[in-house]
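Listed below, chain by chain, are the residues.
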Amino acid sequence: MYIYLHSVSFHGGRHAALWNQIDIRLNSLGMHGRKYRISDVDHNIFPILAEEVKKGAHTVVAVGDDQLFIRLAEAAAAFENLTVAYLPLESTYLSKVLGIPPQDLACDVLSARILEKFDLLCVNKNNFVFRPLELKMDDLKLADEEVNWVLKSFEPDYQLVIGVDWRLWKPLYQDVLKQMDVDFDPSKVNVLLFKNDGKSWFGRESEFDWSFFKANKFYLKRSDGEALTLTPSCVTKLAELKVATKPLKVVVGKNRMF
């Protein structure tokens, strides 16, 4: 059984006719399912999935933009037997990387059901992060899996990026990665720490300071001891970061970029 989560922000206006086209194509392919409207500020995706899994749902589909797909993927990661799919209404970053054409053409990709598994970052056992976490390092402390707070006290303006499976995200960080020599490991937590001084005059290239760490587990907290917000549903004073136990199954197209 399919479940479709529709982005409220795409209802009406120039997108109104797209819903009919998509519905007609889904019905012709026999992929019927219940539909839910999800607002941009609504965080009720998890309870919807929990209820639908009890009723036998096997595939959940984000109909909208990249942000809705990411929110759905992070909620679905808690359910072992769920597959996640994407019906983008416009050509987007993730639609291109996943090889999914926009609008009703995406229904054919969903019907073909080519699956790829992605490892996610797990935060404190029950929170999942699909895309890399981006944080400012100047008010944070980072420790390795032995809880030795050795990765700390960096000067301001360093950017911290934490992720696991980077196949979808390398194009997004291409300007940074072209200045680094890193070997991403999807079985470990990968941490990029970088700073660009932004100075480039009289022919001198800007200096790009960076470090790369990877381990089975990292810990993260604020230097002032206050709560750290990593996702809307994950607010904690100490974050344990590791690879999720079960990979997430995602429907992809044959023209994907990995």
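In what follows, the structure referred to is the one given above.
Residues numbered from 1 in each chain as written. Predicted model: local features only at pLDDT ≥ 70, side-chain atom pairs only at ≥ 80, totals over all residues. Heavy atoms only, no water.

K.L.:
Pulling in residues and values, what's your account of the layout of surface pockets?
P.N.:
Gaps between atoms show up when a probe of the same size as a water molecule is rolled over them. The computed volume of the largest pocket comes to approximately 710 Å³. Elements with a minimum of two residues in the lining of the largest pocket: α2 (45-54), α3 (66-76), β7 (127-129), β8 (133-136) and β14 (228-231). By residue number, the principal contributor to the lining of the largest pocket is α3, which donates 6 residues. A breakdown of the residues in the lining of the largest pocket according to their chemical character gives 13 nonpolar, 7 polar and 7 charged. (1 Å grid on protein atoms, 1.4 Å probe; cavity = no way out; pocket = protein on both sides within 12 Å on 5 of 7 lines; lining within 4 Å. Points joined across faces, edges and corners; volume = space filled by probe spheres on them. Helix = DSSP H or I, 4+ residues; strand = E, 2+ residues; numbered from the N terminus. Nonpolar A, V, L, I, M, F, W, Y, C, P; charged D, E, K, R; others polar.)

K.L.:
Just give me the short version of the environment of glutamate 145, but keep the residues and values in it.
P.N.:
Mapping glutamate 145 onto the fold places it in the loop between β9 (140-143) and β10 (159-163). Of the residues examined, glutamate 145 reaches a relative accessible area of 33% and is grouped as partly exposed. For the pair glutamate 145 and phenylalanine 184, spaced 39 residues apart in sequence, the C-alpha separation works out to 18 Å. Once residues lying within four places of it in the same chain are set aside, the contact partners of glutamate 145 are Ala215, Asn216, Lys217 and Tyr219. (Buried < 20%, exposed > 50% of the residue type's maximum accessible area, 1.4 Å probe, protein only. Contact = heavy atoms within 4.5 Å.)

K.L.:
An account of the sheet that holds strand β5 (residues 114-118) is needed here, citing residue identities and associated values.
P.N.:
The 6 strands are arranged β2-β1-β3-β4-β17-β5 in an open sheet whose pairing can be described as mixed. Both outer strands of the open sheet, β2 (33-38) and β5, are each paired with one neighbouring strand and no more. Taken pair by pair, the neighbouring strands of this sheet meet at an average axis angle of 30°, ignoring direction. In the sheet, strand β1 (residues 2-7) pairs with β2 via 6 bridges, with the strands oriented parallel. Bridge pairing links serine 7 to isoleucine 38 in β2. Strand contacts of helix α1 (residues 16-28): β1, β2, β3 (59-64) and β4 (83-88), with the helix running at about 175° to β1, the strand carrying the most contacts. Across the sheet, α2 touches β1, β2 and β3, and the angle it forms with β2 is around 170°. (Pairing = 2+ DSSP bridges. Axes fitted to C-alpha atoms, helices over the stretch in contact; angles between N-to-C directions.)

Coordinates in, geometry out; function isn't part of it.
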